[in-house]
Each structure stands twice: as C-alpha cells, then as structure tokens.
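If you want the building blocks of each chain, they are given just below.
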Amino acid sequence: MIQIISYDISDDKLRNKFSKILSRNGAVRLQYSVYEINSSNRVYDNLIVKIDSFSKQISGGDSILIFNVNKSEIKKYGNAIHRDRDIFYF
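The structure displayed is predicted, hence computed values, not measured ones.

Engineer: I'd love a proper account of the confidence of the model for the protein chain, names of residues and values included.
Structural biologist: Any region with low pLDDT has predicted coordinates that should not be read closely. On average, residues of the protein chain score 84 in pLDDT, and 84% of them reach the 70 mark or higher. Per-element confidence in the protein chain ranges from a low mean pLDDT of 71 for strand S5 (residues 73-78) to a high of 95 for helix H1 (residues 12-24).

Engineer: So what's going on with the packing of aromatic side chains? Which residues, and what values?
Structural biologist: Evaluated as defined, the whole model comprises 3 aromatic pairs. Aromatic pair Tyr 7 and Phe 18: ring centres 5.1 Å apart, planes at 80 degrees, arrangement edge-to-face. Of this pair, Tyr 7 sits in strand S1 (residues 2-8) while Phe 18 sits in helix H1, placing them 11 residues apart in sequence. Considered together, Tyr 7 and Phe 18 belong to a single accessibility category, that of buried residues. When the centroid spacing of 6.2 Å and the interplanar angle of 25 degrees are considered together, the rings of Tyr 7 and Tyr 35 count as stacked. In this pair, Tyr 7 is assigned in strand S1 and Tyr 35 in strand S3 (residues 34-38), connecting sequence segments 28 residues apart. For Tyr 7, a relative accessible area of 4% corresponds to the buried category. Classification of Tyr 35 as buried rests on a relative accessible area of 1%. Chaining the aromatic ring pairs together yields one cluster made of Tyr 7, Phe 18, Tyr 35 and Phe 54.

Engineer: Break down the pairing of strand S2 (residues 28-31) for me, with residues and values.
Structural biologist: Two elements, S2 and S3, share 3 bridges in a ladder whose sense is antiparallel. Within S3, the position partnered with Arg 29 by the bridge is Tyr 35. Connecting S2 to the next strand, S3, in antiparallel fashion are 2 residues.

Engineer: Can you explain the pattern of salt bridges? Please cite residues and give values.
Structural biologist: Scanning all chains against the criterion turns up 1 salt bridge. The closest approach of N and O atoms between Asp 12 and Arg 15, which form a salt bridge, is 2.2 Å. Taken together, the positions of Asp 12 and Arg 15, both in helix H1 and 3 residues apart, correspond to about one turn of that helix.

Reading the values: rules and limits
Residues numbered from 1 in each chain as written. Predicted model: local features only at pLDDT ≥ 70, side-chain atom pairs only at ≥ 80, totals over all residues. Heavy atoms only, no water. pLDDT = per-residue confidence, 0-100. Helix = DSSP H or I, 4+ residues; strand = E, 2+ residues; numbered from the N terminus. Phe/Tyr/Trp six-rings, centres within 6.5 Å; stacked < 30°, edge-to-face > 60°. Buried < 20%, exposed > 50% of the residue type's maximum accessible area, 1.4 Å probe, protein only. Pairing = 2+ DSSP bridges. Salt bridge = Lys/Arg side-chain N within 4 Å of Asp/Glu carboxyl O.

Right under this line is the structure:
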C-alpha cells in the first residue's frame, strides 16, 4: 500500500512535530513537505489514528493531504477539507 502525504502547516513547532510523526512511522521524505509511505494496512491504519489526533492541533489555514495511490482515495484534514474541487492525480 503506497500513500503520498503532503502538508502545509504554518507553525514551525507543529510542522516539525508532524514531520517526526511521519518519519517515526516509516515515511520517507520526497520533498520538504511531501512524504511517501509504502506499508501494510496495519501500519497505515496506525498512522491515520496518529494523524487524526494530530490534526486537532492545526489551525484553519493549515492542511494535510493523504493520497492513497493504490485506491485512488484522498484524505483531507484542516483547510483542505473545504476545497470545492476534487483533486485528480495519475
């Protein structure tokens, strides 16, 4: 299972905390705020629980996007949930 996680978090402390959450859970940094995780469903589910909990700390302008490459699904947190258009990727 492959996911791409992208985030835009304005607070330096929270952004670093989120980066550490991803790194400690098997994610590999592709760009400054873009990570890839190639894991089992169990590892992914555990990470989603941590992201759900973390997302309560971010402000209204911040966002986290999770692209599930295998299922063509996107999870949105923060400001990203208010976007009018769907995001398509290939």
